[in-house]
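An overview of the molecular structure
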Amino acid sequence: MAEQASTREAQVVVIGAGPGGYAAAFCAADLGLRVTLVNETHELGGVCLQRGCIPSKALLHVAKLLNESREAAAWGLRFAEPEIDIEALRGWKQGVVDQLSEGVAGLAKRRGVEVIQARASFVDSQTLKLEGPQGGSLRFEHAILAVGSVPAMPKLFQIDDPRIMDSTGALALADVPKRLLVVGGGYIGLEMGSVYAALGSRVVVVEMLDGLLPGADRDLVRPLEARLRKQFEAIHLHTKVTGVRAEAGSIVATLEGEGIEPEQTFDRVLVAVGRRPNSAGIGIENTQVVVDERGFVEVDEQMRTADPHILAIGDIAGEPMLAHKASHEARVAAEFLAGQPACFDKVAIPAVVFTDPELAWCGLTETAAKAAGREVKVARFPWAASGRALTLGRTEGVTKLIFDPETERILGVGIVGVGAGELIAEGTLAVEMGAVAHDVAETIHAHPTLSETVGEGAEAFLGSATHIYTRRR
Ligand code: NAD
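Residues numbered from 1 in each chain as written. Predicted model: local features only at pLDDT ≥ 70, side-chain atom pairs only at ≥ 80, totals over all residues. Heavy atoms only, no water.

**Observations concerning the sheet that holds strand β21 (residues 398-403)**
Reading across the sheet, the five strands line up as β18-β19-β22-β21-β20 and stay open at both edges, with antiparallel pairing between neighbours. Across the chains shown, the open sheet's two edge strands, defined by having one partner strand only, are β18 (351-353) and β20 (377-382). Looking at each pair of strands side by side, their axes are set apart by 10° on average, direction ignored. When β18 meets strand β19 (residues 358-363), the two strands line up antiparallel, connected through three bridges. When the sheet's bridge partners are listed, A351 is paired in β19 with W361. Across the sheet, helix α6 (residues 187-199) is in contact with β18 and β19; its angle to β18 comes to roughly 35°. (Pairing = 2+ DSSP bridges. Helix = DSSP H or I, 4+ residues; strand = E, 2+ residues; numbered from the N terminus. Axes fitted to C-alpha atoms, helices over the stretch in contact; angles between N-to-C directions. Contact = heavy atoms within 4.5 Å.)

Listed below in structure tokens is the structure:
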């Protein structure tokens, strides 16, 4: 279609329709502002919905079912090995994505948010150039920049071979490789590694640091790592990939680490070594916006950049690069533009790794407390003492609470175990509200549920948890 050279006007333009951008556009519209939402592709929802959180969770659900069907033999239930119809699986995953994406488009329409499909770049602090089917230019009073991030792909892996994949490629599920190399033992490496292992791939994870999931407490990583080591062919820590080359039937990787076979062949490689903000190529240099050395846009607590007409939210505005952080920043930005008092001063942004078991934490970790030299008290509730965990056949979990020793305030919560991603919500609320040990201990947790591990964790801190014996001091 020929581009139209029209000039549009907007009170607020939001650039990028991910979980940050569409939340900002909707909130601003709800607050009475005239909003235009510009997105490069026709489909709304951004990386999270289109090729991130949502499709990966659909696949992880399938992985969990596959694993459970295999493990149920121990409970006297024997299933035949499931037959995997990969095309139907892809179709189901896409159906979930499409339904949500259409839902977002419908919500935009009902709110009167004008949606423009175009690639936007700044001409100056109040003008955007729009390229695409609805091209032209757009003058605005305020812009909210929410253009997200892309997978980092180190040069070493840029050999122009479709068997070298980033998270988008892995989610496309072209096939189930016999042997898959996963580079990076972070969120994506472990989540997508779990999916492929359940589907039948022999998965080898290579992590350059000496532990998986940097940032998470080691005692919580341990039960997850133990289970993953059974599901994966190997996890190599402190190991580097120093080269990859494409051959007709395989990808040959050169690996450097203690006791590792230095040259190994794989059918596919997933590179999951982090993401980088999308701050290049959007004309930021034509504005007063300041970008730091890692490519993140600098913002204050109102999500304002150094340019009075431009705000920024989500991955482009700094770590952690998590959808729920973006959508909370979105509300702050929209409220600020509507003249309301607003400030992003959250004390707890939950992090959830959707492996099996899941690993979740919020607020202060024990690792961060140690690094900062901050004195804390830690209470742990092992799931071996939870009746509910026992009925699930999953007692490897641990719930831990981190307290200020003087005020007894809960500073952080960490959980590893099935459903940890749901359970962490109580911890996040406790930390955000400044709850103390008694608040959580005196909250009645339904029996038998895994949530009791949070309540009993607080009881353990206070000296008497029903299901674990603590020696009297
Ligand atoms: P990550 O930062 O979680 O993990 C990257 C890992 O790769 C780290 O452990 C790092 O030490 C390692 N690494 C870096 N360079 C390496 C190299 N050359 N060789 C071997 N290992 C190397 O990044 P990710 O897994 O790519 O995910 C990117 C981001 O996406 C995450 O940080 C997170 O913000 C987001 N994400 C979140 C979720 C979730 O919330 N469940 C899921 C997926 C992605």
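**Structural notes on the domain arrangement of the chain**
By the assigned domains, the chain splits into domain 1 (8-151 + 277-337), domain 2 (155-273) and domain 3 (351-462). Using C-alpha coordinates to define each centre, domain 2 is positioned 30 Å away from domain 3. On the domain 3 side, the residues contacting the 14 residues of domain 2 number 21 residues. Taken together, both faces of the contact between domain 2 and domain 3 bury some 1,500 Å²; the carbon and sulfur share is 63%. Among the residues domain 2 hides against domain 3, the three largest losses belong to D217, L220 and R227. Together they make up 37% of the total. Our enumeration of links across domain 2 and domain 3 arrives at four salt bridges. Between D219 and R380 there is a salt bridge; the shortest N-O distance is 2.8 Å. The tally of links from domain 2 across to domain 3 stands at seven residue pairs in polar contact (both at pLDDT 80 or more). Taken together, the elements giving at least two residues each to the side of domain 2 that touches domain 3 come down to α6 and α7 (218-231). When residues in the side of domain 2 that touches domain 3 are grouped by element, the largest group, six residues, is from α7. Here the side of domain 2 that touches domain 3 is composed, by residue class, of eight nonpolar, two polar and four charged. (Domains from an automatic or database assignment. Buried area = accessible area lost by both parts, 1.4 Å probe. Salt bridge = Lys/Arg side-chain N within 4 Å of Asp/Glu carboxyl O. Polar contact = N/O pair within 3.5 Å; in protein donor to acceptor, adjacent residues only side chain to side chain. Nonpolar A, V, L, I, M, F, W, Y, C, P; charged D, E, K, R; others polar.)

**Quick word on helix α1 (residues 21-30)**
Every α-helix winds through 3.6 residues per turn, so residues three or four apart in the chain are directed the same way. Taking burial as the measure, the 10 residues of α1 include eight buried ones, the bulk of the element. Looking at α1, one finds that the buried residues are G21, A23, A24, A25, F26, C27, A28 and A29. (Buried < 20%, exposed > 50% of the residue type's maximum accessible area, 1.4 Å probe, protein only.)

**Observations concerning helix α4 (residues 86-111)**
With 26 residues, α4 ought to run about 38 Å at 1.5 Å a step, and its terminal C-alpha atoms sit 38 Å apart, in line with that. Those residues of α4 that sit buried are L89, K93, V97, S101, V104 and A108. The inward-facing, buried residues of α4 contact α1, α2 (46-51), α3 (53-71), β3 (114-117), α5 (167-172) and α6. Phi for G112, located one or two positions after α4, is positive at around 75°. (Expected span 1.5 Å × (residues − 1).)

**Observations concerning the packing of α3 against α4**
Where α3 contacts α4, the two axes come as close as 9 Å, and the packing angle between them is 140°. One way to sum up the angle between α3 and α4 is to call them oblique. Two packed elements cross with a definite hand, and for α3 against α4 that hand is right-handed. For the pair α3 and α4, the contacting residues are I54, P55, A58, L59, H61 and V62 in the first and L89, W92, K93, V96, V97 and L100 in the second. Along the lines of polarity and charge, the residues of the contact of α3 with α4 split into 10 nonpolar, one polar and one charged. (Parallel < 35°, antiparallel > 145°, perpendicular 65-115°, else oblique. Left-handed = near helix turned anticlockwise from the far one by under 90°.)

**A few points about the side chain of E366**
Mapping E366 onto the fold places it in helix α9 (residues 366-371). A distance of 2.6 Å separates the side chain of E366 from the side chain of K400, its partner in a polar contact. Not counting residues within four places of it along the chain, the set of residues in contact with E366 comprises D217, D219, V378, R380, K400 and I402.

**Considering the sheet that holds strand β12 (residues 240-246)**
Sheet architecture is open: three strands sit in the order β12-β13-β14, paired in antiparallel fashion. Each having just a single partner strand, β12 and β14 (263-266) make up the two edges of the open sheet. Here the strands of the sheet are splayed against their neighbours by 30° on average, with no regard to which way each runs.

**Re the site of the ligand**
In the region of the ligand, 20 residues are neighbours, and I188, E207, G274, M321 and V352 sit closest. V352 has a polar backbone atom sitting 2.7 Å from a nitrogen atom of the ligand. The fraction of the free accessible surface of the ligand (830 Å²) that becomes covered by protein chains is 81%. Per-element accounting of the shell around the ligand gives the leading share, three residues, to α6. (Near = heavy atom within 4 Å. Areas by Shrake-Rupley, 256 points an atom, 1.4 Å probe, with all protein chains shown as cover.)

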